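Residue-level structure breakdown
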Amino acid sequence: MIVHFRDFWSRPESINKVTGWLKIAVERRASAVRASLESHAPDKMDEFDAVMKEVFASSEKFANDLHLQHHPADDKTFLLGFHPAPEASIGYLHMHVILMHPEFRQFSTEVHDWKTVPAQAVIEAIEEDAVTRRCDTRSTKPWWRRTLTSLGLVL
Ligand SMILES: [Zn+2]
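Because the structure is predicted, anything quoted here is derived from the model rather than measured. (Residues numbered from 1 in each chain as written. Predicted model: local features only at pLDDT ≥ 70, side-chain atom pairs only at ≥ 80, totals over all residues.)

**A few points about the confidence of the model for the chain**
Rules: In predicted models, pLDDT denotes the confidence assigned by the predictor to each residue on a 0 to 100 scale. Runs of E in the DSSP output that reach at least two residues are strands. Runs of H or I that reach at least four are helices, and both are numbered from the N terminus.
Mean pLDDT for the chain: 86, with 95% of residues reaching 70 or above. No element of the chain has a lower mean pLDDT than helix α6 (residues 143-150), which averages 75, and none a higher one than helix α2 (residues 14-40), which averages 94.

Written out as structure tokens, the structure reads:
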């Protein structure tokens, strides 16, 4: 996944793809929340629309800044990491790609940073366990699954 991401990021169309999908994701989420508010809390619509106006402006600024400062996909530019169970943001294994430069952290939340396990640390744990756990014939689970489970990345 890391190699794939770095290859993707090196391509000229990568920024437009990222910012395009970000815009679609924000629009879809806003649409879903707006529909829910219409039926459950119509008095909150004006407040929601005001917040979403700021969110759309922020995503436009992010897109513009990203085009102005396209960074290489090295270890200092991005943090690629996982959220272990039970604090995982969603119920299946997924990797976060976080743009780490301070000018871009204004667009992402830092409240989840404490639980983000760097992908490189996971790779190193898997490589270490590969030697010892591969030989464990008592378990019916594959060695790599036991490693991911012990790291809290899968249940
Ligand atoms: Zn997550």
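Now, onward.
**Brief notes about the sheet that holds strand β1 (residues 78-82)**
Our working rule: Pairing between strands is defined by DSSP: at least two bridges between the two strands are required.
Pairing is antiparallel in the open sheet, where three strands are placed in the order β2-β1-β3. Sheet topology places β2 (96-99) and β3 (117-118) at the edges, where each strand pairs with a single neighbour.

**Considerations on the domain arrangement of the chain**
Note the threshold: Marked domain ranges trace back to an automatic or database domain assignment. What counts as a contact here is a pair of residues whose C-beta atoms, placed from the backbone, lie within 7 Å. Amino acid classes used here: Ala, Val, Leu, Ile, Met, Phe, Trp, Tyr, Cys and Pro are nonpolar; Asp, Glu, Lys and Arg are charged; the rest, including Gly, are polar.
Along its sequence, the chain is carved into domain 1 (1-70) and domain 2 (72-155). Between the C-alpha centres of domain 1 and domain 2 there is a distance of 24 Å. Contacts between domain 1 and domain 2 engage nine residues on the former and seven residues on the latter. Going through the elements one at a time, α1 (2-9) and α3 (45-68) are the ones with two or more residues in the side of domain 1 that touches domain 2. In terms of residues, the side of domain 1 that touches domain 2 owes the most to one element, α1, which gives four residues. Among the residues making up the side of domain 1 that touches domain 2, the classes are represented as five nonpolar, two polar and two charged.

**Looking at α3**
As a reminder, the rule being used: An expected span of 1.5 Å times one less than the residue number is assigned to each helix. Think of it as a crowd count around each C-beta: if 20 or more other C-beta atoms lie within 10 Å the residue is buried, if 12 or fewer it is exposed, and in between it is partly exposed, with C-beta placed from the backbone throughout.
Compared with the 34 Å implied by 1.5 Å per residue over 24 residues, the 34 Å span of α3 between its first and last C-alpha is a close match. Within α3, only two of the 24 residues are buried, leaving the element largely exposed.

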